[in-house]
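Each chain, letter by letter, is given below.
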2 protein chains.
Amino acid sequence: MAIAKKVTINDVAHAAGVSVATVSLVLSGKGRISMATGERVNQAIEALGFVRNRQAASLRGAQTGVIGLIVGDLSSPFYAELAAGVIESLESQGKMVFLTQGGRKGEHMLQRFDTLVSQGVDGVVIAGAVDRASELRDKAEDSGVPLVFASRASYLEDVDLIRPDNMQAAQMLTEHLIRRGHQRIAWLGGQSTSLTRAERVGGYCATLLKYGLPFHSEWVVECETSQRQAAEAFSHLLRHNPTITAVVCYNNVVAMGAWLGMLRSGWQSGDESLESYYEQRVALAAFAEVPESALEDAPMSWAITPAREMGQSVAARMLERIDSGKNVVKNQIMPPRLVSTK
Amino acid sequence: MAIAKKVTINDVAHAAGVSVATVSLVLSGKGRISMATGERVNQAIEALGFVRNRQAASLRGAQTGVIGLIVGDLSSPFYAELAAGVIESLESQGKMVFLTQGGRKGEHMLQRFDTLVSQGVDGVVIAGAVDRASELRDKAEDSGVPLVFASRASYLEDVDLIRPDNMQAAQMLTEHLIRRGHQRIAWLGGQSTSLTRAERVGGYCATLLKYGLPFHSEWVVECETSQRQAAEAFSHLLRHNPTITAVVCYNNVVAMGAWLGMLRSGWQSGDESLESYYEQRVALAAFAEVPESALEDAPMSWAITPAREMGQSVAARMLERIDSGKNVVKNQIMPPRLVSTK
DNA sequence: ATGAAAGCGCTAACAG
DNA sequence: CTGTTAGCGCTTTCAT
C-alpha cells in the first residue's frame, strides 16, 4: 500500500544527470539525442519506474492522443462490435479512446460530447442514433473537434458519415437467390416506416426487375421484429402463395422466426427428412449485422454488414480528419459481405 | 471551421470582473462564494461558452475522475454488457471511463494498464481473462492505483474480484427441475478442463444428492460448445438412457443444440404436436450470460448471470476503493437469476 | 468573501 | 547535441 511517490521527469533528469528538456526529447524521440545520453536516460526511466504523465504533456502540447467514442448502448451487438473495431484500430495507432454511452435514442449525446471535449479529446466518433445531430455538428464545428458518425441508416446529412450499403446488400442477396434458380422471391419483415428497410426493399425490387422477374406487392410482407410474429407471417405467406420458393428476411430475428416456422410446419407435414423438406421448400436469405450463431446449421444466405471493419474505417477516417485538419464531408458506405451457411 | 480560440478560466475571470481563483471556486463549488458573484461568474461562463479543461484541473488536484476499463474483447456479449453496466454506473457518478481491449487471452493487459496509468486514471477495472494477474496486482500496488477484477471464473486470488456464483446457479437450476417433478436429470456440455464447468457440475451433483436422487456418471456428458455436436450428444444420450426426463445444459449454445436435436427427433417420430412432444419428453435448463433470444419460444429455464448488474457492482466496488483508499481484498460473488421461458 | 501567487509535470522555443 | 526558461489552465494555500 505504500503509494510510491510519483516519479517525475525531474527525478529522471536528476538520476541521469541531464536536464528535463533532454528527458522530454528522449521521451518523444524528437530532438537529435546522442546514443549515449539516450541510453542513460532510458536506464534511469527503467530504474525509477517512471511513467510519463500524459495529462501534463498534452496540457502544453497540442494533441492528447485521445479520441472520444460515444455509442448509444454497448449492449447492442452491432455497436459493440463496431466499437471493438474502432478501439482496436485506434490503439494500434497509439491512441486511446474514451468510451461513453449516449443512450439508446441518443438522449445524452450532447452532454457526453461536452464532457469529452472538456477532457481534451482530439476527436469524437458517434455511433448510433442521435437526437440532435445538427446541433452536435455545430458544437463540434466551433470547438474545432473533428466529428465522425457511424450508423446503420443514412438519416444524417452534411456530416462525415460511415454507414452500410443497404441497397447493395439487398441486391446481393436477391441476385444470389436468382443465381441459385429461384424465380419467385418474397420479402419478409420490417416496418414500412423504416428507412433502412426502404433502402433494402428498393434493392430487392430493383434486382427482380433487372432480371425480369415477377414482383407482387402481396409478396412483400411487413412484420414486427419478433420470432413468433415472423413465424406466423411466414406461414401465412406461404400458405396463401405456395409458389414462392425463396424469401428475403429483413433481419436475423425474422430469419430465425421464418426458419422455426418452417421447421414446425415441416414437422407437422410428416415428411421424411427435415433437411430435404426445407431445402426443397423455401430458400432463406437475410440481412444481419453479425452472423447469427443460432442459425449456423440452417441453410441460409446472409448479407452481413461487417461491423468490425466498419469500425476500422471509422477509425481511419478519424485519423485522417485529425491530421489533415480539413473538414471535407465524406459520406462513405460499407459494402456488405455475402455469406452462405450451406 | 473558424476554430474558436480556447476560452479559459482567465477569460471568464476577466469578463466577470473577478479573479481566476474565484472562478475556480465557483467551478468546484468549494469556497464560500456570495450569491452575487457566483451568479455573475456563471453568466460569464455561459456567455463565453467556457468548458473547463479537466486535464489541467487534475494536473494540480489529485483525482482525474477517470477510471480505466480493460476488457478482453468487446465483441463478447457478456463483457460488452458488463462494460455497459460499468460505464453506466460510473457515468452516473460523474466519472468517465477509458475503455481499452486487453486481448481475448489478456495478452495486452499489462501494456494497457501502463497506458491507463500514464493517463492518470483513478483506478482500473479488468474484465476478462488475464495473462499475468499477479504481476498486474503488483504493478497496481506500487503505483497506488485501485484495481478491481471481474470475470466468469474464480481463477484469481488475493485480488479484488467480482464473479458469478456458478455453484449456486447450478443448484438453482437443478432444484427448479426437481421441483417440477423431475427425478432423472442429466448434464450436457462443457469440457472437463473448465473450472467454470467444474463449479457448475459440483452444484448439480450436490443438489441431486441433497434430494436423494440418482447420479450416474454416464449422465454427465462432455461436449464442445457447438450446436451440431450438442445436438448429436443429446440425441445419443437420450437414445441410450431413455429414462432421463431433464437435462441441464452448460451454456446457451449447447441448449440451442439440444433443443434443435429435440425438434429434429420429435419431428422424425411423427408425433402430433411439437409442443406436446417435447414437453412430455425432456425438460431443458441452461446457464447463460445473457438470455438467448433465439430460444425465446422454447420451454426452457435459465440461470442468468446478470452481466449488467455485475458491471454495476464492479463500478460500486471501484468507487468504494477509490474513496476509502483502503486495499481490503473482497471476493464478491454475484447471485444468478432464474428465468423460465414458459 | 475574494485576490495574489506558487506551482502540478511537461513541452517548446531559444540559447549555447 | 543539450541546458535554460517560460508557460499550458487550473487549484490551492495564505493573505486581505
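Here the residue index of a chain counts from 1 through its sequence in written order. Chain letters and ligand numbers both follow the written order, the letters beginning at A and the numbers at 1. With pLDDT at 70 or above as the cut-off, local features in this predicted model cover only qualifying residues; side-chain atom pairs require 80 or more to be listed or tallied, and sums for whole chains, interfaces and linings still use all residues. Note: side-chain values were computed over all heavy atoms of the structure, leaving out hydrogens and water.

Caption draft 1: Up close: the packing of helix α5 (residues 77-92) of chain A against helix α13 (residues 307-324) of chain A. Residues and elements named next belong to chain A. Lines fitted to the C-alpha atoms define the axes, with helices restricted to the stretch that makes contact. Angles between their N-to-C directions range from 0 to 180 degrees. Counting from the N terminus, the helices are DSSP H or I runs at least four residues long and the strands are E runs at least two residues long. Close contact between α5 and α13 brings their axes to 7 Å; oriented N to C, the two are set at 45°. Considering the angle they form, α5 stands oblique to α13. At the point where α5 passes α13, the crossing takes the right-handed sense. Residues F78, E81, L82, A84, G85, V86, E88, S89 and L90 of α5 pack against A307, R308, M310, G311, Q312, V314, A315 and L319 of α13. Nonpolar residues are Ala, Val, Leu, Ile, Met, Phe, Trp, Tyr, Cys and Pro. Charged residues are Asp, Glu, Lys and Arg, and all others, Gly as well, are polar. Classifying every residue of the contact of α5 with α13 gives 10 nonpolar, 4 polar and 3 charged. Roughly parallel covers angles under 35 degrees, roughly antiparallel covers those over 145, roughly perpendicular covers 65 to 115, and oblique covers all other angles. Each crossing is labelled by how the near helix is turned from the far one, with a counterclockwise turn of less than a right angle marking it left-handed and a clockwise turn marking it right-handed. Two residues qualify as a contact provided that any one of their heavy atoms is within 4.5 Å of a heavy atom in the partner residue.

Caption draft 2: Quick peek at the protein's contact with DNA strand C. Close contacts around DNA strand C come from 23 residues, with I9 and S24 of chain A together with T22, S34 and T37 of chain B the closest. For DNA strand C, a phosphate oxygen lies 3.1 Å from a polar atom in the backbone of N53 of chain A. Polar contact is the term for a pair of N or O atoms within 3.5 Å; when the atoms are in protein, one must be able to donate a hydrogen and the other to accept it, and sequence-neighboring residues count only if both atoms are side-chain atoms. Between a phosphate oxygen of DNA strand C and a side-chain N or O atom of T22 of chain B, the distance comes to 2.5 Å. Secondary-structure elements contributing two or more residues to the surface near DNA strand C are α2 (20-28) and α4 (54-60) of chain A together with α2 (20-28) and α4 (54-60) of chain B. Ranked by the residues each element gives to the surface near DNA strand C, the list is headed by α4 of chain A, at 4 residues. When we say a residue is near a molecule or strand, we mean one of its heavy atoms is within 4 Å of it.

Caption draft 3: Geometry of the pattern of salt bridges. Salt bridges are defined as contacts in which a side-chain nitrogen from Lys or Arg sits within 4 Å of a carboxyl oxygen from Asp or Glu. Scanning all chains against the criterion turns up 32 salt bridges over all chains. When the shortest N-O distance is used, the salt bridge between E309 of chain A and R337 of chain A registers 2.8 Å. Of the two residues, E309 of chain A sits in helix α13 while R337 of chain A sits in strand β12 (residues 337-340), which places them 28 residues apart along the sequence. With a closest N to O distance of 3.0 Å, E88 of chain B and R308 of chain B form a salt bridge. Note that E88 of chain B is positioned in helix α5 (residues 77-92) and R308 of chain B in helix α13 (residues 307-324), a separation of 220 residues in sequence. Exposure categories follow from relative accessible area, calculated using a 1.4 Å probe and restricted to protein chains: below 20% of the type maximum is buried, above 50% is exposed, and the middle band is partly exposed. The class of E88 of chain B is partly exposed, set by a relative accessible area of 31%. Taking the relative accessible area as the measure of exposure, R308 of chain B reaches 17% and is therefore buried. Each of the salt bridges in this network shares a partner with another, and the network as a whole consists of D73 and R104 of chain A together with E81, E88 and R308 of chain B.

Caption draft 4: Examining the sheet that holds strand β6 (residues 185-188) of chain A more closely. All names here are of chain A. Strand pairing is assigned whenever DSSP identifies at least 2 bridges connecting the two strands. Judged by pairing direction, the sheet is mixed, and its 6 strands sit side by side in the order β7-β6-β8-β9-β10-β12 without closing on themselves. Across the chains shown, the open sheet's two edge strands, defined by having one partner strand only, are β7 (220-221) and β12. Note: strand β9 (residues 283-288) against strand β10 (residues 300-304), 5 bridges, orientation parallel. What sits directly across from A285, in β10, is S301. Against the sheet, helix α10 (residues 227-240) engages β6, β7, β8 (246-249) and β9, with an angle of about 150° to β6.

Caption draft 5: Molecular detail of the environment of G128 of chain A. All names here are of chain A. Inspection of the secondary structure assignment puts G128 in the loop between β3 (123-127) and α7 (133-143). Of the residues examined, G128 reaches a relative accessible area of 4% and is grouped as buried. Along the backbone, G128 and F215 are 87 residues apart, and their C-alpha atoms lie at a distance of 33 Å.

Caption draft 6: Quick look at the protein's contact with DNA strand D. The full set close to DNA strand D counts 23 residues, and T22, T37 and R60 of chain A together with I9 and S24 of chain B are the nearest of them. For DNA strand D, the fraction of atoms within 4 Å of the protein that belong to sugar or phosphate moieties is 67%. In this structure, a phosphate oxygen belonging to DNA strand D sits 2.7 Å away from a side-chain N or O atom of S24 of chain B. Elements represented by at least two residues in the surface near DNA strand D include exactly α2 and α4 of chain A together with α2 and α4 of chain B. Per-element accounting of the surface near DNA strand D gives the leading share, 4 residues, to α4 of chain B. Looking at side-chain class alone, the surface near DNA strand D contains 10 nonpolar, 8 polar and 5 charged residues.

Caption draft 7: Highlighting the packing of aromatic side chains. Ring pairs shown here join Phe, Tyr and Trp side chains whose ring centres sit within 6.5 Å, with only the six-membered ring taken for Trp; geometry is labelled stacked below 30 degrees between planes, edge-to-face above 60, and tilted in between. Scanning all chains against the criterion turns up 10 aromatic pairs over all chains. Between Y204 of chain A and F215 of chain A, the ring centres sit 6.4 Å apart and the planes meet at 65°, which makes this aromatic pair edge-to-face. Within this pair, whereas Y204 of chain A is found in helix α9 (residues 195-210), its partner F215 of chain A is found in the loop between α9 and β7, the two being separated by 11 residues in sequence. Look at F215 of chain A and you get partly exposed, because its relative accessible area is 39%. For the ring pair W187 of chain B and Y204 of chain B, a centre distance of 5.5 Å and an interplane angle of 55° mean the geometry is tilted. Of the two residues, W187 of chain B is situated in strand β6 (residues 185-188) and Y204 of chain B in helix α9 (residues 195-210); the sequence distance between them amounts to 17 residues.

Caption draft 8: Layout of the nonpolar core. Grouping buried Ala, Val, Leu, Ile, Met, Phe, Trp, Tyr and Cys residues that are joined through side-chain atoms within 4.5 Å yields what is termed a nonpolar core. Among the nonpolar cores identified, the biggest contains 60 residues, and L284 of chain A together with L284 of chain B are the most heavily contacted of them. In terms of nonpolar packing, the next biggest core, distinct from the first, is built from 56 residues, V71 and V314 of chain A together with Y79 and V314 of chain B among them.

Caption draft 9: Seen up close, the domain arrangement of chain A. Residues and elements named next belong to chain A. The start and end points of each domain follow an automatic or database-based domain assignment. When cut into domains, chain A gives domain 1 (9-58), domain 2 (66-164 + 307-334) and domain 3 (166-304). Each partner contributes residues to the interface: domain 2 has 10 residues there, and domain 3 has 6 residues. Here the buried area means the combined drop in accessible surface, using a 1.4 Å probe, for two parts upon being joined, counting both sides. For the pairing of domain 2 and domain 3, the buried interface totals around 600 Å² over both sides, and the portion due to carbon and sulfur atoms is 49%. On the surface where domain 2 and domain 3 come into contact, there are 1 salt bridge. Only α5 and β5 (161-164) provide two or more residues apiece to the side of domain 2 that touches domain 3. Partitioning the side of domain 2 that touches domain 3 into residue classes produces 6 nonpolar, 1 polar and 3 charged.

Caption draft 10: Geometry of the pairing of strand β2 (residues 96-101) of chain A. Residue and element names in this part refer to chain A. β2 sits mainly inside the fold: 6 of its 6 residues count as buried. Neither face of β2 is exposed, since M96, F98 and T100 on one face and V97, L99 and Q101 on the opposite face are all buried. Two elements, strand β1 (residues 66-71) and β2, share 6 bridges in a ladder whose sense is parallel. Within the sheet, the bridge partner assigned to I67 lies in β2 and is V97. You can see the chain leave β1, run along α5 and come back into β2, and the turn it takes is right-handed. With the strands aimed away from the viewer, a crossover counts as right-handed if its path from the first strand over the helix to the second runs clockwise.

Caption draft 11: Looking closely at empty space enclosed by the protein. Here a cavity denotes a set of grid points, spaced 1 Å apart and computed over the protein atoms alone, in which a 1.4 Å probe fits but from which it cannot get out, and a pocket denotes an open set meeting protein on both sides within 12 Å along at least five of seven lines; residues with an atom within 4 Å of a point are reported as lining. Grid points are joined across faces, edges and corners, and a volume is the space filled by probe spheres set on the points. Applying the stated criterion across every chain yields a total of 5 cavities of 30 Å³ or more. Reported here for the largest cavity is a volume of approximately 50 Å³. If you go around the largest cavity, the residues you meet are Q55, V66, F98 and Q119 of chain A together with Q55, T64, V66, F98 and Q119 of chain B. Tallied by class, residues from the lining of the largest cavity come to 4 nonpolar, 5 polar and no charged.

Caption draft 12: Broad picture of helix α8 (residues 166-179) of chain A. All names here are of chain A. Over its 14 residues, α8 runs 20 Å from end to end, which matches the ideal 20 Å to within 8%, given 1.5 Å per residue. Turning to α8, its buried residues number three or more, namely N166, A169, A170, L173, T174, E175, H176, L177 and I178. Residue G181 follows α8 closely and has a positive phi angle near 95°. By this rule, a helix spans an expected 1.5 Å times one less than how many residues it contains.

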